Every structure is written in structure tokens, then in C-alpha cells.
Amino acid sequence: MKQSNFTNDGHNYSLDYMRIFAMLTVVAIHVPIYIDLPNFIEAVFGRGRGVYIFFSLSGYLACCSYMKVTSVLSYYKNRVFRILPSYYMGIVLAFICNGIINGDGVKDIFHLGWIRYFLALNTVLPSNSYNDWNNIYGYWTMSCFIWFYIMLPFILKIVKCFKHACMFWVGSFFILALWKQLIYFVFSGVPNIENLSDIAGISPFGALRFFSVGIVAYYAIHDNKLWNGIIISTIMAIMGMFIDRSSLVWACLAGILIIAFYNNGNMFNINIKVNNVIRWFSKKSFYVYLTHLIAFDIAWYLIGKENLNLGIKSFIWFLIAMFFTIIFSFILNFTDNIVQKIFKN
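All of the points below concern the structure found in this document.

Within the protein chain, the secondary structure is distributed over 14 helices and 2 strands. Taking 20 Å as the expected radius of gyration for a compact globule of 345 residues, we find that the protein chain reaches 20 Å, a close match to that expectation. Across its three principal axes, the protein chain shows a C-alpha extent of roughly 55 × 55 × 50 Å. By the burial criterion, 53% of the 345 residues in the protein chain qualify as buried. Long-range pairs, those at least 24 residues apart, make up 77% of the contacts in the protein chain with a sequence separation of at least 6.

What follows deals with the side chain of Asp 336. Considering the arrangement of structural elements, one finds Asp 336 in helix H14 (residues 312-344). The side chain of Asp 336 sits in the buried core without any salt bridge; Arg 82 is the nearest counter-charge, 5.2 Å away. If sequence neighbours within four positions are ignored, Asp 336 has contacts with Phe 81, Pro 85, Ser 86 and Tyr 287.

For the rest of this paragraph, the subject is the packing of aromatic side chains. Applying the stated criterion across every chain, the model contains 31 aromatic pairs. Residues Tyr 87 and Tyr 88 carry aromatic rings whose centres are separated by 5.9 Å and whose planes lie at 35° to one another, so their mutual orientation is tilted. Ring centres of Tyr 218 and Tyr 219 lie 5.1 Å apart, and the angle between their planes is 90°; this geometry places the pair in the edge-to-face category. Accessibility expressed as a relative area gives 4% for Tyr 218, which makes it buried. Here a set of aromatic residues connected by ring pairs shows up, and it is made of Tyr 52, Phe 55, Trp 140, Phe 145, Phe 148, Tyr 149, Phe 210 and Phe 211. The cationic tip of Arg 79 hangs over the ring face of Tyr 149; the distance from NZ or CZ to the ring centre is 5.0 Å.

In total, this model carries 2 salt bridges according to the counting rule given. Residue Asp 16 pairs with Arg 19 through a salt bridge whose shortest N-O separation is 3.2 Å. Remark: Arg 19 and Asp 16 occur in helix H1 (residues 13-30); sequence separation between them is 3 residues, near one turn of the helix. For the pair Asp 16 and Arg 19, one class covers both residues: buried.

Further remarks concern the packing of helix H4 (residues 72-102) against helix H13 (residues 272-302). Relative orientation of the contacting elements H4 and H13 amounts to 5°, with a least axis distance of 10 Å. Overall, the two elements H4 and H13 adopt an arrangement that is roughly parallel. Where H4 approaches H13, its residues Arg 82, Ile 83, Ser 86, Tyr 87, Gly 90, Leu 93, Ala 94, Cys 97, Ile 100 and Ile 101 are matched on the opposing element by Phe 286, Tyr 287, Leu 290, Ile 294, Asp 297, Ile 298, Trp 300 and Tyr 301. Here the contact of H4 with H13 is built from residues that sort into 14 nonpolar, 2 polar and 2 charged.

So, on to H1. Relative to the 26 Å expected for 18 residues at 1.5 Å per residue, H1 spans 27 Å between its end C-alpha atoms, a close match to the ideal helical length. Extensive coverage of H1 is indicated by the burial of 15 of its 18 residues. A side-chain oxygen of the first residue of H1 lies 3.1 Å from the backbone nitrogen of Ser 14; this N-cap is Asn 12.

Moving on, we come to the packing of helix H3 (residues 49-68) against H4. Between H3 and H4, the least distance of the axes is 8 Å, while the angle of their chain directions is 135°. One finds that H3 runs oblique with respect to H4. At the point where H3 passes H4, the crossing takes the right-handed sense. On H4, the residues that touch Ala 62, Ser 65 and Tyr 66 of H3 are Val 72, Tyr 75 and Arg 79.

Turning next to unusual backbone geometry. Despite not being glycine, Tyr 137 shows a phi value in the positive range, around 50°. Its location among the elements puts Tyr 137 in the loop between helix H6 (130-133) and helix H7 (140-158). Given a relative accessible area of 11%, Tyr 137 falls into the buried group. Of note in this structure, Asn 224 is not a glycine but carries a positive phi near 55°. Looking at where Asn 224 falls in the secondary structure, it is placed in the loop between helix H10 (204-222) and helix H11 (226-242).

Conventions used here
- Residues numbered from 1 in each chain as written.
- Predicted model: local features only at pLDDT ≥ 70, side-chain atom pairs only at ≥ 80, totals over all residues.
- Heavy atoms only, no water.
- Helix = DSSP H or I, 4+ residues; strand = E, 2+ residues; numbered from the N terminus.
- Rg over C-alpha atoms; globule rule 2.2 N^0.38 Å.
- Buried < 20%, exposed > 50% of the residue type's maximum accessible area, 1.4 Å probe, protein only.
- Contact = heavy atoms within 4.5 Å.
- Lys, Arg positive; Asp, Glu negative; His and termini not counted.
- Salt bridge = Lys/Arg side-chain N within 4 Å of Asp/Glu carboxyl O.
- Phe/Tyr/Trp six-rings, centres within 6.5 Å; stacked < 30°, edge-to-face > 60°.
- Lys NZ or Arg CZ within 6 Å of the ring centre and 35° of its normal.
- Axes fitted to C-alpha atoms, helices over the stretch in contact; angles between N-to-C directions.
- Parallel < 35°, antiparallel > 145°, perpendicular 65-115°, else oblique.
- Nonpolar A, V, L, I, M, F, W, Y, C, P; charged D, E, K, R; others polar.
- Expected span 1.5 Å × (residues − 1).
- Polar contact = N/O pair within 3.5 Å; in protein donor to acceptor, adjacent residues only side chain to side chain.
- Left-handed = near helix turned anticlockwise from the far one by under 90°.

So this is what it looks like as C-alpha cells:
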């Protein structure tokens, strides 16, 4: 891989801006769930498109991480310490807060309950209550991340260059089609299953087509085929527009920006102090991503579970939500630090 024009410390700050932008769009898209206001974020970006930017970024950064380690075991160890402590603490917070707000809720017909989330099975095994056992607080994405990180070493056994990456990207759409057929074949006759089409579509195998954008970006850079990568991603983005798949469009735009930013690690030409703040916030954005919906729900519960209009009560809800987001993010950060000290020293 040729040397990029990163900043002096070797860090690509432009990707931090992308991560923060994606996180903010994900947070903003959830505000109208609680406050009755025009959802201009959804009108401009589509519902949850920041998630697909995250998928593309993760595909690229996971490849970078994997290529730096000396063994598959080291890669898995790094991923475990990077993801699981804060994610598991997020599940604990979700369990506590959901219990306070909704009580016992609906029983899982497969009797797994919260184990689904700990084992990242919530997007591969349907349930009788989609919002309880498949996507509580938007945690479908975490299952996709975890399964992708597990699959990546096997993917990179067959994907060795830019051409292979492009072929795998195309293949990921066939993988999605096969997964959908399998899900419908196995579960279509099971009574009381909810949102089977969502499980078929938002599974880790469905998300592969977005993670693959990042893999293509990685090999475009690795093989010095930057323009090839930009052209391929642009073509796929245009196809996404024609088939009304804005999720694919945003994933492709993220891939294009990853390649473009490779030679512009500080393209915004901002001084180092501001960049350090951005880098810090980028690192903490994962905690906000994991906890903001839990905080939103707690704030909604504390003000009486009311439907809110713009006004003083919605402002109070917002302040409470931000307070709990900060508190919960601190808890996740503290958990990460404790685990690092225990297991890495």
C-alpha cells in the first residue's frame, strides 16, 4: 500500500468527521419518535442512512486492522476488547431500562430472551416480538457488526486484491438472496413470527453488501486503484438510485469518501487542537451510538410517557435525554477501561 498524505501523527482525521457525521444522523433520526416535528433528517438522508456509512467505514477499518496483526487470533482478541465490553454493558443498561419502562414484556417463544443479544443472534433468529427480541434500542446493527468481524478473516482468505473485492461485493447480493430464501423456507410456517422480511433483510448476510463497500475501498487503496474504486462505487450508487435503495447509495458515497480522504487525512485543514477534540469525540461516538435510544426512552418515561410537541416539555425531554446519554456513555467508557486494565496488563 502506498504511503498516504495523512497528518503528521499518521492519523486520518477525515474519517473521524465521517464517523461523527454518521453518528449524529443516527441520533437525529430517532428524535421524531418522541417529538412531533418534521423529520428533515429522514427527508434529506433517508431513514437511518448513517448506519450504512458506519457499515462501509467498518468494512474498511476492519480490513486495515486485520492486515496489521500477526495472526487471526490476535485480530479476534482486538475485536473482542474493542466491541464486546461496551456492547455487553449496553445490553445490561437496555435490560434495566426496558424493565423499568415496560415491565416483563413479551416472552420469547424460543426461550432465549436477552441471550439473543449477548450471542448476537437477534438478527439471525426471528421471534414473536420484533421490537423486544430482534431490534431493541436499534441493536440489530451490533449483531451485524459482530458477525462481520467474525466472518472477515474467512472473507480475506478468498479476497486478495481489488478485483476479488469487486467480485465479492457483487456476490454479496446473491448471498442476501440465498439467505432470504433460507429464512422464509425455515420460518414461514412458524406461528406468531413477526417481521420475517426484516430479519431476512437486516441480517449480517444482508449487511454484507454494505460492509463490502469498505472492503472494495480498502483494496482500491491497497492496489493503488483509487479511481477504479471511485468509479465502481459511483456506478453502484447510481444503480442504487434507480432501484430506490438509498441505503446502498449512502454506503457507496461513504466508500467514495474513504478513498478520497486517503490522500487528504486533514482535508478540512483544521488546527491540531481542534482535530484532537474531533478525534476524542470520534472515539466516544460509539458509546453515544449504543446508548442514545436507551437515554431517549428513559427521558420519555420520566416526563410521563407523553407524546411531545415542540415546546418547553420537549426541551426538558431533550435535556434529560442528553444527560442520560452522557451518563450511560461514561459507564460504557469506564467498563472498557476496567476490562483493558484487567486483561491487557
